[in-house]
Amino acid sequence: MKEKEKYYSFKDASIVITPHTNTYENPPHKHDFFELIYIYHGSCSNHIYRQQDITIQMNQGDICLLNPNAVHCLDIGENTDS
């Protein structure tokens, strides 16, 4: 599967739910749509790249809404139960 297809294979859907696990490779990327991140279990670091990069530590129950074209990535870590 091509890299672009991995992220945009759902381009015609109105809502998509994509679970991420600690085996999911998540390089910095952006989308042309809003992204809602909900931490169902565990924790992760949410890296958002802008003029001044920020990292948000997210824990179970946290929600983050990213605007279109926000460059970001999730770091779930290999040794976490997330």
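Residues numbered from 1 in each chain as written. Predicted model: local features only at pLDDT ≥ 70, side-chain atom pairs only at ≥ 80, totals over all residues. Heavy atoms only, no water.

Caption draft 1: Representation of a nonpolar patch on the surface within the structure. Side chains of F34, L36, Y38, Y40, I63 and L65 sit close together on the surface and give an oily, nonpolar patch of about 780 Å² of accessible area. Looking at the nonpolar patch, the elements with two or more residues in it are β1 (35-38) and β4 (63-66). Of note, Y38 is situated in strand β1. For Y38, a relative accessible area of 47% puts it in the partly exposed group. (Patch = residues over 30% accessible without salt bridge, like charges linked within 9 Å, V, L, I, M, F, W, Y side chains within 5 Å. Areas by Shrake-Rupley, 256 points an atom, 1.4 Å probe, with all protein chains shown as cover. Salt bridge = Lys/Arg side-chain N within 4 Å of Asp/Glu carboxyl O. Helix = DSSP H or I, 4+ residues; strand = E, 2+ residues; numbered from the N terminus. Buried < 20%, exposed > 50% of the residue type's maximum accessible area, 1.4 Å probe, protein only.)

Caption draft 2: A look at the pairing of strand β3 (residues 54-59). Across six bridges, strand β2 (residues 43-49) lies against β3 in antiparallel orientation. In the strand pairing of β3, I48 is matched with I54. Where β2 folds back onto β3 in an antiparallel hairpin, the turn is made up of four residues. (Pairing = 2+ DSSP bridges.)

Caption draft 3: Focus on the confidence of the model for the chain. Here the chain averages 81 in pLDDT, and 76% of its residues register 70 or above. Looking at the elements of the chain, mean pLDDT is at its lowest for helix α1 (residues 3-8), recorded as 49, and at its highest for β4, recorded as 96. Residue range residues 1-5 is modelled with pLDDT below 50. Its contacts to residues more than four positions away, or to other chains, number two contacts. (pLDDT = per-residue confidence, 0-100. Contact = heavy atoms within 4.5 Å.)

Caption draft 4: Representation of the nonpolar core within the structure. Among the nonpolar cores identified, the biggest contains 10 residues, and these are I37, I39, C44, I48, M58, C64, L66, A70, L74 and I76. Elements with a contribution of two residues or more to this core: β2 and β4. Residues within four places of I39 in sequence aside, it is in contact with C44, M58, N59, Q60, G61 and D62. (Core = buried A, V, L, I, M, F, W, Y, C linked by side-chain atoms within 4.5 Å.)

Caption draft 5: Up close: the sheet that holds β2. What the three strands build is an open sheet, ordered β3-β2-β5; its pairing is antiparallel. Edge positions in the sheet fall to β3 and β5 (71-75), since each has one partner strand and no second. Adjacent strand axes in the sheet meet at a mean angle of 20°, parallel and antiparallel pairs treated alike. (Axes fitted to C-alpha atoms, helices over the stretch in contact; angles between N-to-C directions.)

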